[in-house]
Amino acid sequence: MPSGNNYVDIGEWMLQDRSLLNSPKRKEMSSVFASRSEQPHDLVVVYNNREKNWSVQHYGQLQHEEFSAATCIPAEGSGQIVFLRGFLSPLWVSIIGSKYNIDPEFFRRHMDFLSASIDRHSYSSPSLASSSNNIFRLCVSTILHRDDFGGQDIQSQRSSQSTELVAYKKQLGSTRVCCGDSVVREYSTVCSRFSVIEQWISLCIMKTDTGWAAIAWMDQGRPLEKSPPGPWTGHIESKATSLPVLQHHPKMAFRKTTNRLDPDANASAQVQQSTFVLPLQYDSLIALVNLTRRASQDPLSMCIPLFAHAAFSEVQFLNLMESKIQTKIDTIVQEAPADALGTLQYFSNILDRHTQQLKDSMRALCRLAERGGQGMNGVKVESQIPKSAVQLGLHRQVSETEMIRNIGSYGSDSAFTPESIVDDYEQLHVRCIDLSKMCTRGITLAMNKATIEESRKAIEQSERLKKLTLLATLFIPLNFSSSLFGMNVDLLGQNAVEFWWFFVLCVPITLFAYIFYLWDFEVLRRCWVMCWKRCRVFGRDMTVGRSEKDSTHIV
């Protein structure tokens, strides 16, 4: 069956821009998705690398003709990476897709918010991973901090934010979203002070006869406060600050690099995201981690800083989650808060999503490493994978990590190597799983504490019922005696009953009721049966004794 049904939504979305159908009005209609913001925004940033020579071109949202006229095929022995910053209009999607001959699956996956229901595509998405080996995805987390949410219950706030996020994703396919606006995939409220914004970086790698090109479509565009509002808007309006993605590399402070970043590039943003300025100084970062020479030879070396940036953001996120989970577990040990179970389940769902994202990132690294084993002219670089494994047909059984470590086309003179970055993602993946298990243990502890608390309340309630039963045992005979003396009949053959008769009747009845209360009916029945048997045996023995004659007595 053809796969055209998968692109129905993105096809309908692209038809909103009539400039694709009427080229004479392209300039006029290209303003449909254009932003009204007066601040300039570099929508597309192109880096061309050949050995140590860099060339950088910047294109605004209205410079689509200049971008279309520029040369797209990298020169021989060079590489090219194209950063797309924020939401793109249908016109830009059409130009970039035709210019680089990009698989439409790349655009469909990045704009998955256009597909409101999976059954519209006959449950064909997502497809097999091998069907698009050149398409990858990275998740970058931004931590927002403010003093306190205040007032509203955290659980109700999470529920309302989930509803707002669904409504936000529905409006992303409309003309209310401008070209270059930032897009948010997930928004999580960790506690009353911290929340997390998750955004994507989609990668598409194209190999050519002379070089290679990489398309990096980022959700980070204009500042969040100047993009369409969402559940994070209230957080931003309360003077929230975003924590920077801090990176550490060996000998970072002792290397001279050229900073191409415009000092005013993000100065007006209330929430300054580190990923926002990453494309504006990418060549400096490549030089900083000593990847300039290798970046022109294979796309993995050029894309490693992107993987590292996403990994460092994941480190901060997991550190935050570990701190909050441990705090919640410590609180559960001391007492059982009402929201503990719901909070830990909320954390567990977030960690499960991040676990899958880290797994996909590791798979993307392995695919890029396989491509890195190919030379620029299609000549395969000899790898160190054991030939015996290949001869026995066990090549597919070699783990993805071993495949990375055995590729011998990379040097070990830099901390940014395929081996180190895969090790980092492996550790993050394991740590994410451990934190998810930690949440499970916390949930078990909270449920055990709740069970113990319910048992304690049940015991206290049974004690209160015991006292009530004891009082009823005392007062029911008194009520019975009072009712008996209150009847309009002659009692005990007397016209007037003396008061002391009440005690004569009430005391034995009360004693009988109390004895009946103290002793279980089954115990009384067993005691009565045992006593009856003993009486019968005793009577039988007495009868036998009387019937026997004394042998010494002679009549």
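Calculation criteria
Residues numbered from 1 in each chain as written. Predicted model: local features only at pLDDT ≥ 70, side-chain atom pairs only at ≥ 80, totals over all residues. Heavy atoms only, no water. Helix = DSSP H or I, 4+ residues; strand = E, 2+ residues; numbered from the N terminus. Contact = heavy atoms within 4.5 Å. Areas by Shrake-Rupley, 256 points an atom, 1.4 Å probe, with all protein chains shown as cover. Phe/Tyr/Trp six-rings, centres within 6.5 Å; stacked < 30°, edge-to-face > 60°. Buried < 20%, exposed > 50% of the residue type's maximum accessible area, 1.4 Å probe, protein only. 1 Å grid on protein atoms, 1.4 Å probe; cavity = no way out; pocket = protein on both sides within 12 Å on 5 of 7 lines; lining within 4 Å. Points joined across faces, edges and corners; volume = space filled by probe spheres on them. Nonpolar A, V, L, I, M, F, W, Y, C, P; charged D, E, K, R; others polar. Salt bridge = Lys/Arg side-chain N within 4 Å of Asp/Glu carboxyl O. Pairing = 2+ DSSP bridges. pLDDT = per-residue confidence, 0-100. Expected span 1.5 Å × (residues − 1). Bend = angle between axes of the 7 residues up to and from the residue. Polar contact = N/O pair within 3.5 Å; in protein donor to acceptor, adjacent residues only side chain to side chain. Patch = residues over 30% accessible without salt bridge, like charges linked within 9 Å, V, L, I, M, F, W, Y side chains within 5 Å.

(A) Looking closely at the overall build of the chain. A count of helices and strands for the chain gives 17 helices and eight strands. Of the contacts made within the chain by residues no fewer than 6 positions apart, 78% connect residues no fewer than 24 positions apart. Element-wise, carbon and sulfur atoms account for 56% of the exposed surface of the chain, whose accessible area totals about 30,400 Å².

(B) Representation of the packing of aromatic side chains. Applying the stated criterion to the full structure yields 14 aromatic pairs. On the basis of an interplanar angle of 65° and a centroid distance of 4.9 Å, the ring pair of Phe83 and Tyr282 is categorised as edge-to-face. Placement of the pair is Phe83 in strand β3 (residues 79-85) and Tyr282 in helix α9 (residues 282-288), with a sequence separation of 199 residues. For the pair Phe83 and Tyr282, a shared accessibility class is recorded, and that class is buried. Look at Tyr168 and Trp232: their rings are 4.8 Å apart centre to centre, the planes differ by 85°, and that puts the pair in the edge-to-face class. Residue Tyr168 is found in helix α6 (residues 154-171), and its partner Trp232 is found in the loop between β7 (212-218) and α7 (233-237); the two are separated by 64 residues along the sequence. Taken as a pair, Tyr168 and Trp232 share a single burial class, namely buried.

(C) Representation of unusual backbone geometry within the structure. Although it is not a glycine, Asn101 sits at a positive phi angle of roughly 55°. By secondary structure assignment, the location of Asn101 is in the loop between α4 (90-100) and α5 (104-110). On the basis of relative accessibility, which here comes to 67%, the residue Asn101 falls in the exposed class.

(D) Geometry of empty space enclosed by the protein. Here the structure, examined in full by the defined rule, presents four cavities of 30 Å³ or more. By volume, the largest cavity is sized at about 60 Å³. Only β4 (135-145), α11 (299-334) and α12 (340-372) provide two or more residues apiece to the lining of the largest cavity. With four residues, the top contributor of residues to the lining of the largest cavity is α12. Considering only residue class, the lining of the largest cavity consists of six nonpolar, three polar and one charged.

(E) The environment of Thr292, seen in detail. The residue Thr292 is located in helix α10 (residues 292-295) in this model. Looking at Thr292, the relative accessible area reads 12%, which means it is buried. Taking the C-alpha atoms as reference points, Thr292 and Met302, 10 residues apart in sequence, are found 8.0 Å from one another.

(F) Structural context of the pattern of salt bridges. Under the defined criterion, the tally for this structure stands at 12 salt bridges. In this structure, Arg109 and Glu105 form a salt bridge, with 3.1 Å as the shortest nitrogen-oxygen distance. Of the two residues, Arg109 and Glu105 are both situated in helix α5; the distance of four residues between them amounts to about one turn of the helix. A salt bridge links Asp181 to Arg222; the shortest N-O distance between them is 3.1 Å. Placement of Asp181 in the loop between α6 and β5 (186-189) and of Arg222 in the loop between β7 and α7 is noted, with a sequence separation of 41 residues between them. For the pair Asp181 and Arg222, one class covers both residues: buried.

(G) Focus on the pairing of β4. With 10 of 11 residues buried, β4 is to be regarded as a mostly interior element. Where β4 meets strand β6 (residues 194-207), 11 bridges bridge the pair, whose relative direction is antiparallel. Looking across to β6, one finds that Leu138 is bridged to Ile201. Of the strand pairs in this sheet, β4 and strand β8 (residues 241-242) are connected by two bridges, and their pairing is antiparallel. From the neighbouring strand, Leu144 faces β8, where its bridge partner is Ser242.

(H) Fine view of the confidence of the model for the chain. Mean pLDDT for the chain: 77, with 73% of residues reaching 70 or above. For residues 25-29, every residue scores under 50 in pLDDT, and the model assigns this stretch eight contacts once sequence neighbours within four places are set aside. Here residues 375-413 is modelled with pLDDT under 50, and outside its nearest four sequence neighbours on either side it reaches 61 contacts, counting other chains as well.

(I) Looking closely at α11. Across its 36 residues, α11 extends 52 Å between first and last C-alpha, which sits within 8% of the 52 Å expected from 1.5 Å per residue. The principal kink in α11, of about 30°, is found at Pro305.

(J) Quick look at the side chain of Arg222. Look at Arg222 and you get buried, because its relative accessible area is 5%. Within the local environment of Arg222, its side chain forms a polar contact with the side chain of Asp181, the two groups lying 3.1 Å apart.

(K) Seen up close, a nonpolar patch on the surface. On the surface, Leu470, Leu471, Leu474 and Phe475 cluster together into a nonpolar patch covering about 350 Å² of accessible area. In this fold, Leu471 is placed in helix α15 (residues 418-486). When its relative accessible area of 46% is taken as the criterion, Leu471 is described as partly exposed.

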